[in-house]
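Notes for the structure review
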Amino acid sequence: MNRREPVVFIVSGPSGAGKSSLVRKLIASEPGLLFSVSYTTRPPRGSEREGQHYHFVSREEFEERKSRGEFLEWAEVFGHYYGTHRSYLDRAAREGLDLVLDIDVQGARQLKRSVPEAVSVFVLAPSREELERRLRTRSEDTEEAIRRRLSEAAREMAAYTAYDYVLVNDDLDQAARRLAAIVQAERLRRSRMEPVVRNILASFPA
Ligand code: ADP
Ligand code: 5GP
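Notes on the structure in this doc start here.

Overview of the packing of aromatic side chains
What describes a pair of aromatic rings is the distance from one ring centre to the other and the angle between the planes of the rings. What the rule picks out here adds up to seven aromatic pairs. Relative to Y81, the ring of W74 has its centre 5.5 Å away and its plane inclined at 90°; by these criteria the two rings are edge-to-face. Overall, Y81 belongs to the buried group, its relative accessible area being 9%. On the numbers, 5.0 Å between centres and 70° between planes, the contact of F122 with Y163 is edge-to-face. Of the two residues, F122 is situated in strand β8 (residues 119–124) and Y163 in the loop between α6 (143–157) and β9 (165–168); the sequence distance between them amounts to 41 residues. Exposure class is identical for F122 and Y163. Each is buried. Every member of this aromatic cluster is reached through a ring pair, and the members are Y39, F62, F71, W74 and Y81. Over the ring of W74 we find K66; its NZ or CZ atom is 4.5 Å from the centre of that ring. For K66, the ring lying beneath its charged end belongs to Y81, and the centroid distance is 5.8 Å.

Here's what the structure looks like:
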């Protein structure tokens, strides 16, 4: 067996920077990745599907699950709860997959405490104007939600210094290729390759 612990990839950044779009492309292009579908109390957007983008739950259900310790991390963002369920990390370990989380900066901080070797990537839109344009063209949030997301963006971005990588999402395909390159390079770190190398070495006579 040359299986190792799952690599946990955290993707954060202001709302509208393109995290979901990038993660979708990453999962489609890079084998062996599991997307952690978060639990949230936010109502679904028109294009979102239960179990695919999020698990949409009531505040009561979220709080029950939280008190049972089901979340690896959780946070209140834009007035709604969001949390990462432990079962995704268990499933990744069981199936030999690496895990991708799209979570906010508070969640990333918590996750780093329980999984210190997690790899973190901060995604930025190229400018304030472009961020606003993207939030508006997504046209799935109310005007109030868009304003709130824009006004939180600067505060969220100040946290970028705690991340391992910064990705400016200018051209989507190019940024997606760069994100895939981060994943590929991190999987090849010596510490993560050790089980593979041990197997190869074991095939040589002592
Ligand atoms: P986030 O998950 O960070 O909130 P989304 O992935 O939902 O952001 O992207 C917000 C909007 O911007 C969507 O309408 C998406 O199609 C668009 N978008 C994402 N990346 C780019 C890009 N590089 N160039 C132009 N539009 C983009
Ligand atoms: P949105 O409502 O736009 O899908 O997400 C709003 C914010 O919540 C984004 O910053 C997103 O990364 C974050 N988020 C999504 N799921 C989780 C989660 O499970 N935990 C935390 N802490 N943040 C999350």
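Brief notes about the layout of surface pockets
Rolling a probe over the atoms, with the probe sized like a water molecule, indicates the empty space that remains. Roughly 1100 Å³ of internal volume is contained in the largest pocket. Along the walls of the largest pocket sit 43 residues, with K19, S20, R45, D102 and R138 positioned nearest its centre. It is helix α1 (residues 19–29) that provides the largest number of residues to the lining of the largest pocket, a total of six residues. Taken together, the residues of the lining of the largest pocket sort by class into twelve nonpolar, 15 polar and 16 charged.

Quick look at the site of ligand 2
Every one of the 18 residues lining ligand 2 counts as a neighbour, but S38, R42, Y54, Y82 and R149 are closest to it. Relative to its unbound accessible surface of 510 Å², ligand 2 loses 96% to contact with the protein. Cavity membership is defined here by more than half of the atoms lying within 2 Å of grid points; on that basis ligand 2 lies in the largest pocket. Only β5 (71–77) and β6 (80–85) provide two or more residues apiece to the shell around ligand 2. Looking at side-chain class alone, the shell around ligand 2 contains six nonpolar, five polar and seven charged residues.

Re the nonpolar core
Grouped together as the largest cluster of nonpolar side chains are 25 residues, with contacts concentrated most on L22, L26 and L167. Going through the elements one at a time, β1 (8–12), α1, β8, α5 (128–138), α6 and α7 (172–187) are the ones with two or more residues in this core. By residue number, the principal contributor to this core is α7, which donates six residues. Within the second largest apolar cluster, 21 residues are counted, among which are L89, L97, A108 and A159.

Description of the site of ligand 1
Within the structure, ligand 1 sits among 15 residues, and G16, K19, S20, S21 and N169 are positioned closest to it. Contact distances for ligand 1 include 2.8 Å between an oxygen atom and a side-chain N or O atom of R138. A distance of 2.9 Å separates a nitrogen atom of ligand 1 from a polar atom in the backbone of D170. When ligand 1 sits alone it has 570 Å² of accessible area, and the protein chains cover 78% of it. Assessed atom by atom at 2 Å from the grid points, ligand 1 resides in the largest pocket. Within the residue set of the shell around ligand 1, elements represented by two or more residues are α1 and α5. The class makeup of the residues in the shell around ligand 1 is three nonpolar, six polar and six charged.

Conventions adopted
Residues numbered from 1 in each chain as written. Chains lettered and ligands numbered in written order. Predicted model: local features only at pLDDT ≥ 70, side-chain atom pairs only at ≥ 80, totals over all residues. Heavy atoms only, no water. Phe/Tyr/Trp six-rings, centres within 6.5 Å; stacked < 30°, edge-to-face > 60°. Buried < 20%, exposed > 50% of the residue type's maximum accessible area, 1.4 Å probe, protein only. Helix = DSSP H or I, 4+ residues; strand = E, 2+ residues; numbered from the N terminus. Lys NZ or Arg CZ within 6 Å of the ring centre and 35° of its normal. 1 Å grid on protein atoms, 1.4 Å probe; cavity = no way out; pocket = protein on both sides within 12 Å on 5 of 7 lines; lining within 4 Å. Points joined across faces, edges and corners; volume = space filled by probe spheres on them. Nonpolar A, V, L, I, M, F, W, Y, C, P; charged D, E, K, R; others polar. Near = heavy atom within 4 Å. Areas by Shrake-Rupley, 256 points an atom, 1.4 Å probe, with all protein chains shown as cover. Sits in = over half its atoms within 2 Å of the grid points. Core = buried A, V, L, I, M, F, W, Y, C linked by side-chain atoms within 4.5 Å. Polar contact = N/O pair within 3.5 Å; in protein donor to acceptor, adjacent residues only side chain to side chain.

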